[in-house]
Every structure is written in C-alpha cells, then in structure tokens.
Amino acid sequence: MNQFIKETDTVHAGEGATDSAQTVGQVNPPNVKTGADLLITLLKEAGVEVIFGYPGGAVLPIYDSLYDSSIRHILTRHEQGAIHAAEGYARVTGKTGVVLVTSGPGATNLVTGIADAYMDSTPVVVMTGQVTMESIGRDAFQEADIMGITMPVTKHNYQVRDINDLPQVLADAFYIANSGRPGPVLIDLPKNITAGPATYQPLPQPAARGYKIPTAPAKEQVEAIAQLISGAKKPLLYVGGGIISSGASELLRQFAKQTQIPVVSTLMGLGAYPAGDEQFVGMLGMHGTYAANKAITDCDLLLAFGVRFDDRVTGKLQMFSLHSKKVHVDIDAAEIGKNVQVEVPVVANIKDTLEMLLQHHLHPDTKDWLAQLKAWDNEWPLRYHGTSDDLKPQQVVELLAKHTGGQAIVTTEVGQHQMWAALFYPYSRPRQFVTSGGLGTMGFGFPSALGAQVAEPEKTVICVAGDASFQMNIQELQTVVEQGLPLKIAIINNRFLGMVRQWQQFFYEKRYAESRISSPDFVKVAEAYGALGLRATNPAEAEAIIAQAIAHDGPVIMDFVVKEEENVFPMVPPGKGNHEMTLEWSEE
Amino acid sequence: MDIERTFSILVNDRPGVLTRIAGLFARRGFNISSITVGSAEEAGVSRMTIVSHGDEAMAMQVLTQVGKLVDVLDVIDMSKEKIVKRELALIKVKAESSKRQEISHILDPFRVSVVDVGHSSITVQITGDEEKIDALIGLLRPYGIIEISRTGATALLRSGTEEASDAAV
Ligand SMILES: Cc1ncc(C[n+]2csc(CCOP(=O)(O)OP(=O)(O)O)c2C)c(N)n1
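The structure displayed is predicted, hence computed values, not measured ones.

Calculation rules
- Residues numbered from 1 in each chain as written.
- Chains lettered and ligands numbered in written order.
- Predicted model: local features only at pLDDT ≥ 70, side-chain atom pairs only at ≥ 80, totals over all residues.
- Heavy atoms only, no water.
- Pairing = 2+ DSSP bridges.
- Helix = DSSP H or I, 4+ residues; strand = E, 2+ residues; numbered from the N terminus.
- Axes fitted to C-alpha atoms, helices over the stretch in contact; angles between N-to-C directions.
- Phe/Tyr/Trp six-rings, centres within 6.5 Å; stacked < 30°, edge-to-face > 60°.
- Buried < 20%, exposed > 50% of the residue type's maximum accessible area, 1.4 Å probe, protein only.
- Near = heavy atom within 4 Å.
- Polar contact = N/O pair within 3.5 Å; in protein donor to acceptor, adjacent residues only side chain to side chain.
- Nonpolar A, V, L, I, M, F, W, Y, C, P; charged D, E, K, R; others polar.
- Parallel < 35°, antiparallel > 145°, perpendicular 65-115°, else oblique.
- Left-handed = near helix turned anticlockwise from the far one by under 90°.
- Contact = heavy atoms within 4.5 Å.
- Buried area = accessible area lost by both parts, 1.4 Å probe.
- Salt bridge = Lys/Arg side-chain N within 4 Å of Asp/Glu carboxyl O.
- pLDDT = per-residue confidence, 0-100.

### Side note on the sheet that holds strand E1 (residues 50-54) of chain A
Residues and elements named next belong to chain A.
- Taken in spatial order, the six strands line up as E2-E1-E3-E4-E6-E5 in an open sheet, and their pairing is parallel. In this open sheet, the two strands that pair with only one neighbour each are strand E2 (72-75) and strand E5 (156-159). Strand after strand, the sheet turns through a mean of 20° between neighbouring axes, direction not considered.
- Of the pairings in the sheet, the one linking strand E4 (residues 124-130) to strand E6 (residues 184-190) comprises seven bridges and is parallel in character.

Next up, the structure:
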C-alpha cells in the first residue's frame, strides 16, 4: 500500500486485485504510452482501488487506459452520485475517495459534492477532463472553467499543462487531500495531455512547497490545559469530526475515563465517543439533547477538541457558554478564534495533544458535575410519544438500531430524519455515522451509502432518508442494483419536506408553502430497478420489514409511512442561546 | 482596533495564485485597498503586498486563512512593524507652455521626474508614500489632471526587523 493513503482500516481482499501483467514480478517499467496510461499507473501506485466516475469526450483517453487496469470503476448514474459515493467511501475508511468525470457538465455536476467535502473535511481527489489546451478560453464544446469554479471549495486545485508535471501533481494532490485537515483536491486534465505521449516515471514523494501541517502542541500549551483541568469543577469535552479524522477516538475515550470528564459531541463527531457510555451526554446544538445544551451553558471549562464552533452548535454567540474558560485544539489555525475567542488556543493534531494530556494523569473532582448532568438527563431525556397505531419516525430509527445491534453504518440525507438518525441511533465507533453536516446537502445520503457499502461490503449499511431527499439522487438505485450492493434504504416518508415544514409551522404561521411533496410508490420503484421494496405503516409492520430487510441479501427500500407533522425536539430557535431550547411545541 | 493593515505574502509563482488570494479576501469579506505583485528575491516566488483594513481578529483570519493556501509560502501583517512602504504614480497634467514654469516649481520639492512632455501636457512620475502622492495630486489638480495611474503600495520590513516579525507569525 502507499504512503499517502491513511490506513485506518483494513483493506479488503478483492478490491486491490492484482494487475496481472503489470505488477507481478515488476522488473520492467509499466507499459506507458500516453498521459492517460501514466495517470492510471500512478493512481495504482498511489493505492487507489476504486474510482467513482462517469465518462465523456474529454476523458476518453483516460477511460481507454482504465479499460485494461485492475482499478475498479463504479459507473454512477449522475456525477453528483459519484462524488457523494466517493465521500461515503472516504468517510467510512479514512482513505481518499477518487472521482473521475468529463469536462464541462461532468465537472460542474460535481460542484455540490466538492463543496460538501470541503465543508466536512472529507478527503477526495477529483479528476476532471478538460478541453485541449489549444481550445481553453475559447468557449469550446464542453469547456467550463472548473479551476475558477472550484477554487473556493477545494483545499487546492491543479491544471496539468505539462505531462512531466503529472507525477508530482498526483503525489501532492493525494498528500494534501488526506493530511492536516483533509479536504477535496481537484486535478483538471486537458485532453491533449492525457491523449499525448508519455513515458513512465514513478510516483515521487510529495513536495508541495508552502503546505504546512501542524503536529504536536508545545509542552507549555499542554501544561496550560492540564492546569485548567486540575482547577475545574465542571469541565466538559466538546468533540467533533476532528477526532475522527485524526483517528483519536480511542485516546479520547481513555482521556475521558482517566479524567472523568463528560463528553458532548457535534453532529460530525458522533461515534467519536461511544454513545452507550455513561459519560456521554449526547449531541449539542440546535437539535442537541437537553442535558448537552445545559452542560455547554453551565460548564466552567470547555475543552473544544477537533471542532469549529459552527453556528448550529453555538446558537447565539453572545450567549454561548458564558461561564467557561475555553481551550480550543484544532489542526486548522484558521478555525482558532474564528467564531469564539478562547483562553488557550492550540494549533495541533488532536491525537498528539491527547497523548500528551494523558501523561498528566489528571483527576479533577467531577462527581457533583456528573450527578448534575444525570439529573438533567432524567429531567428531560430524549423522548417521543409512541402509539401502537401510528408509526413515529423516532421509533423507526430505534427499531433499526435494535435490529442491527447498533452496529450498522448509517448514512443520512438532510432534514428531520437526519436529526432523528443522529439522536436515536447509538453510535459506538468512529466512521459509523456518515452525514452531510456543514453543507446540509439533500441527495448526499443515498450515494454516500453506496460508497460506504463499496468500501465495507460485509457490513450492514443503512441510509436513513427523507421522502424528498431520496428523490434527489434516486437514479443511483440502478448503480446499487448493478453493483449488487446490499445496502438498505429506510425512507422516513412523511409526505413533507419535513424540516422546512417544521420551520414554517413554528416561524411562518403554518403556511406550508411548497413543503408538501408527493412521491412515487417507492415499493414499485424498488421493484422496477430490481431491488426489494417493503412498506410499513405501523410499528408492528415496521419491525417485520426491518427484520426481513436485514436478512435479505440485496438492496432493499423500506418505505416507512410515518405520522405527518412530527417535529424534532429539543430545538434551539435561530438567534437564541442554547439554554433557550424549545422542548415541546404548543400551538397557543 | 480597525486600522490600515499591510500584508506581505510570499507565494509560488503559479497560474491563478493571484485569483486564489484575491478571491479569498473577497469571500471572507476582507476589503482590498490595493494589491501589488511582482517577483521576489527567489526565482519562482512572488511577493504580494495587500493593503487592507480591519481589527486584530480580521488580521488573524487573514494570516491563517491565507497561510492555509497551498501556494502561500509566508504571510505577515506588517501593520505594527517598521516598514518601508512605497507607491509609484504617473500623473498626466495639463501644462500649456505658459504654465510650465509654475508647475515646475510645484514639482521641485517632490523630487519627481518628468517622464513625458507633450504640446499641452506633461507626465510626471512620483514615488513615495500615499500621503506624499496625494499631496502632489492635490496641488496639481487646479491645472487640470488628465489621467492618473497608481501602482498601489509595495512594502518591505526595515532592516533588522525581519526576525522579530517572523516569530510573530
Ligand atoms: C440540496 C438541498 N436543497 C434544499 C435544502 C433545504 N432543506 C433542508 S431539509 C429539507 C427537507 C427535506 O425533506 P425530506 O428529505 O423529506 O426530509 P424530512 O425533513 O422530511 O425528514 C429541505 C428542502 C437542502 N438542505 N439541500
């Protein structure tokens, strides 16, 4: 395997199958005639096993070289599906997702996914075809300035204008995408470069000059944190996606256990700390638990580790955690002090930081504080009103957890169902929960589940979807069926753009403008595509179809016809502080 | 404190690098009063000087967000440093032969050079800080200014201050 691809999980046999003639007893240099041959050869050297993509004119040379390669290509039915699949693949493995599409519309169809990966720090390398260099700037057929378009939403992007630059560009692109704070890197490939002549050169060491990655914190900084912890009565760990990206979940668990400090998590951090643990207070923020939002408001020391103080987390900034001293550790210097000023700013890898903190063997007295948190949780635990007639969305998520032993990989679309999937499924390990946090991209969940299942063929992968979001990339059903991916789609079908409707109910006098949505018969849709379709309209049926779906060795759509107009609670209304959450809604 | 800020940015001389930096300023809501780019001491490296304004938090965000760009080798906020900062301006002013003597007297203390002379106008080149250039423009305005082209400021730390500011970044 390659040095640039972070190995956080096992590689599955089958995916990296041998490139018979080329890699066995490699004495002769690989057979490279064109730029495209060189590209494919180097992708293999970079450890790429799967490409999600869609061909077209500008990438014909690349597809021609790919034809003879052992790299697996997954043909999605829309480029947006390809990039979200690559994101899903990256999110569950920690490896870099790879995408290949043509110029113009192929490239522009990726923009949402690139922005999504940028917001959620997901490592992907995107390769786009481009018109020949001679035609660039002349509004040629299928020309789009994808460099300019994606500059604001990529960690970096390259246009290869000389075939001799390709090896270094590839090495740097993979390195940049999956180091430091991960993110998307785009490589634009003019057709004359890939179609033109090339000779073999090996993949060099990355050399991106000007690219710096923070590593361990200074000893003094760690001491400053340790001192604050020793003196704290109500310390709180506020953890996010950074813990997962840096592979620090186990260290976080050890540190929380050693110090007896309770943990709240962002949406992106779910799974970084086991939900079943008694020190876990839950997700915080707009739809956080009562106890988590009370905790963040009341704590006297906030340990913000691998987070970015997103507005959905902080609520009204002027009211955010006013009684606490704050420590912020993040690998991205630009996140420190961006939204919230802190007493101890630390630009460092959180894994190194936790390792050093563990050496301090800190034991603040948190007994009263933990008891207080327990009391808050008892005062207002997560709850919903279940009946035996109506199917409640929260209950569907609970049943999914029950029938998968809490072990499935869960991806979500965006909306109410996303929040319920976050709140009611107990994630116990990192990379188990995949959701579009920063951009909130409807259409992300289903293709990302596809990518997750490609990466983890043996694991149960469930996409918790809304009836509306699912229709945004429904075409990927054909990809799933064609690839024989046994993933399970759980549609929480409420006949509404539920989250939009909830806001209209609360803030727009129930004027449901364009938030009612019709859907096709999802069972028939499943059947038309060659998948299994099941429907449930009450809790008993729900149990039965979940059991059936999990047992079925193939893709399944479960259409859960749930009660309409259910709302997500608690909710911190926009512009309010976290302590001002609404717990229930009364129409008066 | 919202003050004028001068950022000096060393970048790889690659296509699009100016767009990356100017775009980042625009996107993050930092204004740009002037921007200059040219080769730096090392081949393949350019130095950009951006004059902007903002408070400490804005300056920190500029340093960290710009610093994050892959093609940026170094970025410093020179606002509180001792620096030399210069701008060049070309000013084409109406100058009938009857007025030339008078104009020449105005120009004298500014140590400008007259770089072009026509029938009814002259073009002068002035270098200096912003105030000096503004002052000359003010004095020439009554004669009728035809065109002005200003480069925007470029700047370097004064000798002996380089190390201190490196540590600050
Ligand atoms: C691409 C995109 N368009 C619009 C939105 C705004 N939006 C957020 S949630 C939502 C409704 C989602 O409805 P559904 O998928 O049925 O989920 P529900 O909220 O009903 O669970 C919409 C339209 C979005 N997040 N993404």
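Let's pick the thread back up.
### Side note on the packing of aromatic side chains
- Per the stated rule, a full pass over the model turns up 18 aromatic pairs over all chains.
- Taken together, a centroid distance of 5.6 Å and an interplanar angle of 75° make the contact between A:Phe496 and A:Tyr512 edge-to-face. Here A:Phe496 is found in the loop between strand E16 (488-493) and helix H22 (498-507), whereas its partner A:Tyr512 is found in the loop between H22 and helix H23 (522-529), with 16 residues between them in sequence.
- By relative accessible area, A:Phe496 is classed as buried at 3%.
- For A:Tyr512, a relative accessible area of 22% corresponds to the partly exposed category.
- Note on B:Phe25 and B:Phe30: the rings are 5.8 Å apart at their centroids and 80° apart in plane angle, and the pair reads as edge-to-face.
- Exposure remark for B:Phe30: the relative accessible area of 11% places this residue in the buried category.
- A connected cluster of aromatic rings, assembled from ring pairs, spans A:Trp503, A:Phe506, A:Phe507 and A:Phe569.

### Description of the site of the ligand
Residue and element names in this part refer to chain A.
- Surrounding the ligand, one finds 17 residues, the nearest of these being Gln416, His417, Gly440, Ser469 and Gly498.
- Separating an oxygen atom of the ligand from a side-chain N or O atom of Asn494 is a distance of 2.9 Å.
- Mapped by element, the contributors of at least two residues to the shell around the ligand are helix H18 (416-424), helix H20 (467-470) and H22.
- Looking at the shell around the ligand residue by residue, the class counts come to eight nonpolar, eight polar and one charged.

### What to know about the packing of helix H3 (residues 97-107) of chain B against helix H4 (residues 130-140) of chain B
Residue and element names in this part refer to chain B.
- Put simply, H3 and H4 touch, their axes get as near as 10 Å, and they point 160° apart. The angle between H3 and H4 places the two elements in the roughly antiparallel class. You can see that H3 and H4 cross each other, and the crossing is right-handed. Counting all contacts with H3, which are made through Ile103, Ile106 and Leu107, the residues of H4 involved are Leu136, Leu139 and Leu140.

### A short note on the interface of chain B and chain A
- Tallying the contact residues gives 19 residues for chain B and 18 residues for chain A.
- Of the roughly 1500 Å² buried between chain B and chain A, counting both surfaces, carbon and sulfur atoms make up 51%.
- When the buried area of chain B at its contact with chain A is split by residue, B:Arg20, B:Lys68 and B:Val70 rank highest and sum to 39% of it.
- Where chain B touches chain A, the interface holds two salt bridges.
- Applying the counting rule to chain B against chain A returns seven residue pairs in polar contact (both at pLDDT 80 or more).

### A few points about the confidence of the model for chain B
Residue and element names in this part refer to chain B.
- Across chain B, the average pLDDT comes to 93, with 95% of residues at or above 70.
- For chain B, helix H5 (residues 162-168) is the element with the lowest average pLDDT, namely 50, and strand E8 (residues 145-150) is the one with the highest, namely 98.
- Long-range and interchain partners of residues 165-169, a stretch whose pLDDT sits below 50, account for seven contacts in this model, where long-range means more than four residues apart.
- For this predicted complex, the interface confidence comes out at an ipTM of 0.90, alongside a pTM of 0.94.

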